[in-house]
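Geometric and topological summary
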Amino acid sequence: MSLSALLPRQAGPAVLRRLQADDLAAFHAYRSDATVGRYQGWEPMSRSEALAFIIRMAAASLFEPGVWAQLAIARAEDGSLVGDLGIRVAANLEHAEIGFTLAPSGQGRGLGSAAVAEAIRLLFEQTDVPRVVAVTDARNTPSVRLLERVGMSRVESCETVFKGEPCTEWTYAKWR
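In this report, we go over the structure that sits alongside the text. Keep in mind the model is a prediction, meaning the values are calculated, not measured.

Attention now goes to the overall build of the chain. When you go through the chain residue by residue, the secondary structure sums to 6 helices and 8 strands. Reading the helices (α) and strands (β) of the chain from amino to carboxyl end gives α-β-β-α-α-α-β-β-β-α-β-α-β-β. Computed over C-alpha atoms, the radius of gyration of the chain comes to 15 Å, within 12% of the 16 Å expected from 2.2 N^0.38 for 176 residues, which places it in the range of a compact globule. Its C-alpha atoms give the chain principal-axis dimensions of about 40 × 40 × 30 Å. Counting every position in the chain, which comprises 176 residues, the buried fraction comes to 50%. Long-range contacts, defined as pairs at least 24 residues apart, comprise 61% of the intrachain contacts of the chain with a sequence gap of at least 6. When the accessible surface of the chain is summed, it comes to about 8600 Å², and 52% of that surface belongs to carbon and sulfur atoms. On the chain, the mean spot of the 19 positive side-chain charges and the mean spot of the 20 negative ones are 3 Å from each other.

If you want it as structure tokens, here you go:
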């Protein structure tokens, strides 16, 4: 199946689609928000770096082992960007990993849950990975609740230091 047939994918109130240049203002705004970025592995970018990232991700291959691809999470009602979702099939093909970021305006409305559930479906439909995993900081209660809401189970706990702070990271998984 061609990539153009895979995206966009509507999932209730959310749409998974490619990032596009028109997303720059919204993307840069939430990716510059220190509260949004607290538990994220990325760092804020300049507007030009954000645009270069969006352009790169708009053309990135999906499901290439070992390589992250970022998709837009948009409102189904108007197509506006409210977040992004990363997908990476492990180099050894033993699992896929997802990660997500939501702007404050997209939180608490079911958009994240719908998008993550759809990304898991997409991975199981288009790859042979037996499980999808996600890692979150145990203090990130909204992320923990979202992962549990989409049927993922906590499978691992790890004490670590993230962004200079000691924390506990929880790994969640969902099997075929």
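Moving on, we get to the sheet that holds strand E8 (residues 165–175). Spatial strand order, E1-E2-E3-E4-E5-E6-E8-E7: 8 strands in an open sheet with mixed pairing. Single-partner strands in this sheet number two, and they are strand E1 (9–11) and strand E7 (153–162). With direction set aside, neighbouring strand axes in the sheet form an average angle of 30°. Pairing of E1 with strand E2 (residues 14–18), which is carried by 3 bridges, proceeds in the antiparallel orientation.

The amide bond that connects Leu7 to the next residue, Pro8, takes the cis arrangement and shows omega of 0°. Structurally, Pro8 is set in the loop between helix H1 (3–6) and E1. Phi is positive for Lys163, close to 50°, though the residue is something other than glycine. Secondary-structure assignment places Lys163 in the loop between E7 and E8.

Applying the stated criterion to the full structure yields 9 salt bridges. Between Glu125 and Arg9 there is a salt bridge; the shortest N-O distance is 3.1 Å. Note that Glu125 is positioned in helix H5 (residues 111–126) and Arg9 in strand E1, a separation of 116 residues in sequence. With relative accessibility at 47%, the residue Glu125 sits in the partly exposed group. With relative accessibility at 13%, the residue Arg9 sits in the buried group. A salt bridge links Asp84 to Arg31; its shortest N-O distance comes to 2.6 Å.

Criteria and cut-off values
Residues numbered from 1 in each chain as written. Predicted model: local features only at pLDDT ≥ 70, side-chain atom pairs only at ≥ 80, totals over all residues. Heavy atoms only, no water. Helix = DSSP H or I, 4+ residues; strand = E, 2+ residues; numbered from the N terminus. Rg over C-alpha atoms; globule rule 2.2 N^0.38 Å. Buried < 20%, exposed > 50% of the residue type's maximum accessible area, 1.4 Å probe, protein only. Contact = heavy atoms within 4.5 Å. Areas by Shrake-Rupley, 256 points an atom, 1.4 Å probe, with all protein chains shown as cover. Lys, Arg positive; Asp, Glu negative; His and termini not counted. Charge placed at Lys NZ, Arg CZ, Asp CG, Glu CD. Pairing = 2+ DSSP bridges. Axes fitted to C-alpha atoms, helices over the stretch in contact; angles between N-to-C directions. Salt bridge = Lys/Arg side-chain N within 4 Å of Asp/Glu carboxyl O.

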